[in-house]
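The primary structure of each chain is shown beneath.
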Amino acid sequence: MKYFDFLDKIIESGIDAARRDYHDGSKLEGAIAGFEECRGKSPEIIRDLLSSATKKVNSLFCSEADVDEYWRAVCFMSEVQWTLNCICAAFGEPVTANTAVHANRILNEGT
């Protein structure tokens with residue numbers, strides 16, 4: 001499986017899960033935006049994206065940010081991190097068991 005095909009499957013399955021988990025509102029908006037921001041990007045760029053998203057969440061946590069803005073940023077960051085973890089699992093880097101299972105399921109579809 002080619003990298004961008006794998007990435008698209010991570011994103012699509014992640015968006016489906018976010019819709020089941022969050023239903024609507026700022027958490028769903030942030031989650032979908034996080035996945036979509038990863039689309040078409042290399043692992044290195046996604047890693048940079050995660051770094052920026054983490055800094056934003058930390059900044060919002062330390063300020064008196066709007067609650068919806070904060071949760072939008074948290075869910076954005078979380079889904080970027082999930083995407084990067086799935087990529088890392090595909091490359092054999094250490095990740096959580098849940099991530100490794102999900103990445104392996106995608107890689108083995110149709111085989």
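Residues numbered from 1 in each chain as written. Predicted model: local features only at pLDDT ≥ 70, side-chain atom pairs only at ≥ 80, totals over all residues. Heavy atoms only, no water.

**Q** Hey, could you go over the pattern of salt bridges for me, with residue numbers and the actual values?
**A** Once their charged atoms are close, side chains differing in charge can pair, the charge on each being opposite to the other. All told, the structure shown has five salt bridges when counted by the stated rule. In this structure, aspartate 8 and arginine 39 form a salt bridge, with 3.2 Å as the shortest nitrogen-oxygen distance. Of the two residues, aspartate 8 sits in helix 1 (residues 3–22) while arginine 39 sits in the loop between helix 2 (25–38) and helix 3 (43–62), which places them 31 residues apart along the sequence. The class of arginine 39 is partly exposed, set by a relative accessible area of 28%. Here arginine 72 makes a salt bridge to glutamate 29, at a shortest N to O gap of 3.0 Å. On the criterion of sequence distance, the pair formed by arginine 72 in helix 4 (residues 67–90) and glutamate 29 in helix 2 is long-range, its members being 43 residues apart. By relative accessible area, which is 44% here, glutamate 29 ends up partly exposed. A network of salt bridges, in which partner residues are shared, links Asp8, Glu12, Glu36 and Arg39. (Salt bridge = Lys/Arg side-chain N within 4 Å of Asp/Glu carboxyl O. Helix = DSSP H or I, 4+ residues; strand = E, 2+ residues; numbered from the N terminus. Buried < 20%, exposed > 50% of the residue type's maximum accessible area, 1.4 Å probe, protein only.)

**Q** I'd like a description of the packing of aromatic side chains, backed by residues and values.
**A** This model, assessed by the stated rule, comprises three aromatic pairs. Ring centres of tyrosine 3 and phenylalanine 4 lie 4.8 Å apart, and the angle between their planes is 75°; this geometry places the pair in the edge-to-face category. A centroid spacing of 6.3 Å and a plane angle of 45° characterise the contact between phenylalanine 61 and tyrosine 70, whose relative ring orientation is tilted. Here the aromatic cluster, defined as three or more aromatic residues joined through ring pairs, consists of Phe61, Tyr70 and Trp71. The positively charged end of lysine 27 is found above the aromatic ring belonging to tryptophan 71, 4.6 Å away from the centroid. (Phe/Tyr/Trp six-rings, centres within 6.5 Å; stacked < 30°, edge-to-face > 60°. Lys NZ or Arg CZ within 6 Å of the ring centre and 35° of its normal.)

**Q** Run through the nonpolar core, naming residues and quoting values.
**A** Ranked by size, the top nonpolar core spans 26 residues in total, and within it Ile46, Val80 and Ile87 carry the most contacts. Sorting the residues of this core by element identifies helix 1, helix 2, helix 3, helix 4 and helix 5 (97–107) as the ones contributing at least two each. With 10 residues, the single largest contributor to this core is helix 4. (Core = buried A, V, L, I, M, F, W, Y, C linked by side-chain atoms within 4.5 Å.)

**Q** A description of the environment of serine 51 should follow, citing residues and the corresponding values.
**A** Residue placement: serine 51 occurs in helix 3. You can call serine 51 partly exposed: its relative accessible area is 35%. Taking the C-alpha atoms as reference, serine 51 lies 24 Å from aspartate 21; in sequence the two are 30 residues apart.

**Q** Give a description of helix 4 that names residues and reports values.
**A** Between its first and last C-alpha atoms helix 4 spans 35 Å; for 24 residues at 1.5 Å apiece the expected length is 34 Å, and the two agree. Near the N-terminus of helix 4, the side chain that reaches the backbone nitrogen of aspartate 68, with its oxygen 3.1 Å away, is that of aspartate 66. Backbone geometry just after helix 4 places glycine 92 at a positive phi near 80°. (Expected span 1.5 Å × (residues − 1). Polar contact = N/O pair within 3.5 Å; in protein donor to acceptor, adjacent residues only side chain to side chain.)

**Q** Could you give an account of the packing of helix 3 against helix 4, with specific residues and numbers?
**A** Each pair of packed helices can be described by the angle between their axes along with the distance between the axes. Here helix 3 crosses helix 4 at 150°, and the two axes come no closer than 9 Å. By the angle between their axes, helix 3 is roughly antiparallel relative to helix 4. For the crossing formed where helix 3 meets helix 4, the hand is left-handed. Residue-level contacts link Pro43, Ile46, Arg47, Leu49, Leu50, Ala53, Thr54, Lys56, Val57, Leu60 and Phe61 of helix 3 to Glu69, Tyr70, Ala73, Val74, Phe76, Met77, Val80, Gln81, Thr83, Leu84, Ile87 and Cys88 of helix 4. Across the contact of helix 3 with helix 4, the residue classes break down as 17 nonpolar, three polar and three charged. (Axes fitted to C-alpha atoms, helices over the stretch in contact; angles between N-to-C directions. Parallel < 35°, antiparallel > 145°, perpendicular 65-115°, else oblique. Left-handed = near helix turned anticlockwise from the far one by under 90°. Contact = heavy atoms within 4.5 Å. Nonpolar A, V, L, I, M, F, W, Y, C, P; charged D, E, K, R; others polar.)

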